[in-house]
Amino acid sequence: MSVTRIQLKEVTKYFGDNLVLDQVDLSVAMHEVVCLIGASGSGKSTLLRCINRLVKADYGEIQLDGVSITDERFGKVGLHKRIGIVFQSYNLFPHLTVLDNLTLAPRRVHKKARKVAEAEALAQLERFGMGGFAKSYPEQLSGGQQQRVAFVRALMNKPDVLLLDEVTAALDPELVGEVLGIIKELKAQGMTMVIVTHEMGFARDVADRVCFLESGRILEEGDPQTMFSAPRDERTQAFLQRIVEAGRL
Amino acid sequence: MKPTEMPTQGQTGGATRRPPPPPPGRQFDWREAVVPSLISLVSIVIVFGGLAWVITSAEQWPRIKLQFFNVDAMVAAFPRVLQGFWINMRIWLIVLACILFLGIVLAVVRSLRAPWFAPFRLMVILYIDLFRGLPVLLLVLLFGFGIPALNLPGMPSSSLFWGAVAMVLSYSAYVCEIYRSGIDAVHEGQWAAAKSLGLSEWQTMIYAILPQAVRNVLPAMMNIVVALQKDVALLSVIGVRDAVREAQIYTASTFNYSSLIVAAGLFLLATIPMARLADYVTHRDRKRRLQTGG
């Protein structure tokens, strides 16, 4: 059977008095792609951010390869070397060139020599068809190009897990395809990914497993075929019905 | 048009579709171009000429002219006042450099969230409350006269030095708050991105947040620079022989105030270009925001 890469046990998170995550259990196997779907405010982004400690869970346990993410063995930067994240709004550093965006962490956190880091960055840019943009500033790029750079930046540390937080939500429809292409390519290479998305058609294509969240709980999970064609829970059915009516599936 | 020349796309039924020709360019109309400027020019001449006539025809005008705009007195006072103004400029630059540096350090300390920073954060808050709440003049008097009078061993005893320190302390409190507003204005996503890459809070501040914050506050900072340029003259009250002091010395011996007008002219020569530069920077910043905001 497959090896568990990420394990969440009864993860609970409050924002003030507001219960955002309610004892969530989730395990992600190595090379598995898990899509989290659900209405806004269902807690899926928060769940994602708990995994790399951008948000600290109040209760519960999160493990990476069987070791708690709060364990000293990960140290200050070890966890972020193992888990990369790409955001909805790219969050590139606007005052730095594409190349400097990519080499900031390798140079300052992992203490690589500038030349080494830049050579790696250029090779990665080339691979993602962005070779000509090393000296550009983020605002000179299209949304799709910026998001591609954000992917490269997240991959610079060669992480084992990639978290994607609605990475296509801010893009114009004609640019969504190029980003989804990257995700498919990463899946083909065996990257373990947890994806929060509103692109249901894409989730059906790429996911090994789909989890439907509502009010901070995973209400239903299963393989995409079953989830999208024959969901058991009526709330899942209602949600998918709304998606279909909005023409998104 | 031969069929081969026709575009292949957007054809319907083989009919030639051609866009209408561009509209004729607007003719240059000299009346439209010249008449408004002519009207403004004439009205300026009338209004300012009228004002000048009213002022110069006043009964007291010759006395005013003699007291404030006496050319001989201006020429006589000019070298000393200019020398004083050179001191103003040097103090301004040195004090400015210290303020910009101290302000940024205070703002960073104030903005870092790590718990062990708490005592330093508190110190900065107290510092800002204290120095923003006190008049600069009071601080200049207190430091410029008070500290040299203590004869502290190993400390400079010059009034100029301590007066400048007072200015630095006072202005840094304001500048710190400006930087801080710039730091707060940087989007939360930038912190998240930096943290997710493994940068420490300190590294995030230095490499990701501060450069953006400084760019955010450039217009506000330019105004501080202009204000400081004038406020350096406050040091004249503790005996620093700056432009104002030199002009006063001349006035004291001749009872003619033209020397102060000379000093005023020098200040305007320096501050007006700075103010224009500030406007320009603000304008450019606004354009940049509109571009990236869209």
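Residues numbered from 1 in each chain as written. Chains lettered and ligands numbered in written order. Predicted model: local features only at pLDDT ≥ 70, side-chain atom pairs only at ≥ 80, totals over all residues. Heavy atoms only, no water.

Topic: the overall build of chain B
- For chain B, the helix and strand inventory stands at ten helices and zero strands.
- When the helices and strands of chain B are read in sequence order from the N terminus, they spell out α-α-α-α-α-α-α-α-α-α.
- Against the compact-globule benchmark of 19 Å for 294 residues, chain B has a radius of gyration of 30 Å, which places it well outside the compact range.
- Here the C-alpha coordinates of chain B stretch approximately 100 × 70 × 25 Å along the principal axes.
- Burial analysis of chain B (294 residues in total) assigns 37% to the buried set.
- Counting only contacts in chain B whose residues sit at least 6 apart along the sequence, the fraction spanning at least 24 positions is 75%.
- As presented, chain B carries roughly 18200 Å² of accessible surface, and 69% of it is formed by carbon and sulfur atoms.
- Computed over 25 positive and 15 negative side-chain charges, the inter-centroid distance for chain B is 5 Å. (Helix = DSSP H or I, 4+ residues; strand = E, 2+ residues; numbered from the N terminus. Rg over C-alpha atoms; globule rule 2.2 N^0.38 Å. Buried < 20%, exposed > 50% of the residue type's maximum accessible area, 1.4 Å probe, protein only. Contact = heavy atoms within 4.5 Å. Areas by Shrake-Rupley, 256 points an atom, 1.4 Å probe, with all protein chains shown as cover. Lys, Arg positive; Asp, Glu negative; His and termini not counted. Charge placed at Lys NZ, Arg CZ, Asp CG, Glu CD.)

Here's the deal with the packing of helix α3 (residues 98-108) of chain A against helix α5 (residues 143-155) of chain A
All names here are of chain A.
- Axis separation between α3 and α5 bottoms out at 8 Å; the angle between their running directions is 25 degrees. Between α3 and α5, the interaxial angle falls into the category roughly parallel. Here the hand of the crossing between α3 and α5 comes out right-handed. Contacts from Val98, Asn101 and Leu102 of α3 reach α5 at Val149, Val152 and Arg153. (Axes fitted to C-alpha atoms, helices over the stretch in contact; angles between N-to-C directions. Parallel < 35°, antiparallel > 145°, perpendicular 65-115°, else oblique. Left-handed = near helix turned anticlockwise from the far one by under 90°.)

Points about the pattern of salt bridges
Residue and element names in this part refer to chain A.
- A full pass over the atoms with the stated rule returns 19 salt bridges over all chains.
- The partner of Arg209 in a salt bridge is Glu32, with the nearest N and O atoms 2.9 Å apart. With a gap of 177 residues between them, Arg209 in strand β9 (residues 209-214) and Glu32 in the loop between β2 (18-29) and β3 (33-37) connect regions that are remote in the sequence. The two residues Arg209 and Glu32 agree in class, both being buried.
- Through salt bridges with shared partners, a single ionic network connects Arg5, Asp65, Arg82 and Asp160. (Salt bridge = Lys/Arg side-chain N within 4 Å of Asp/Glu carboxyl O.)

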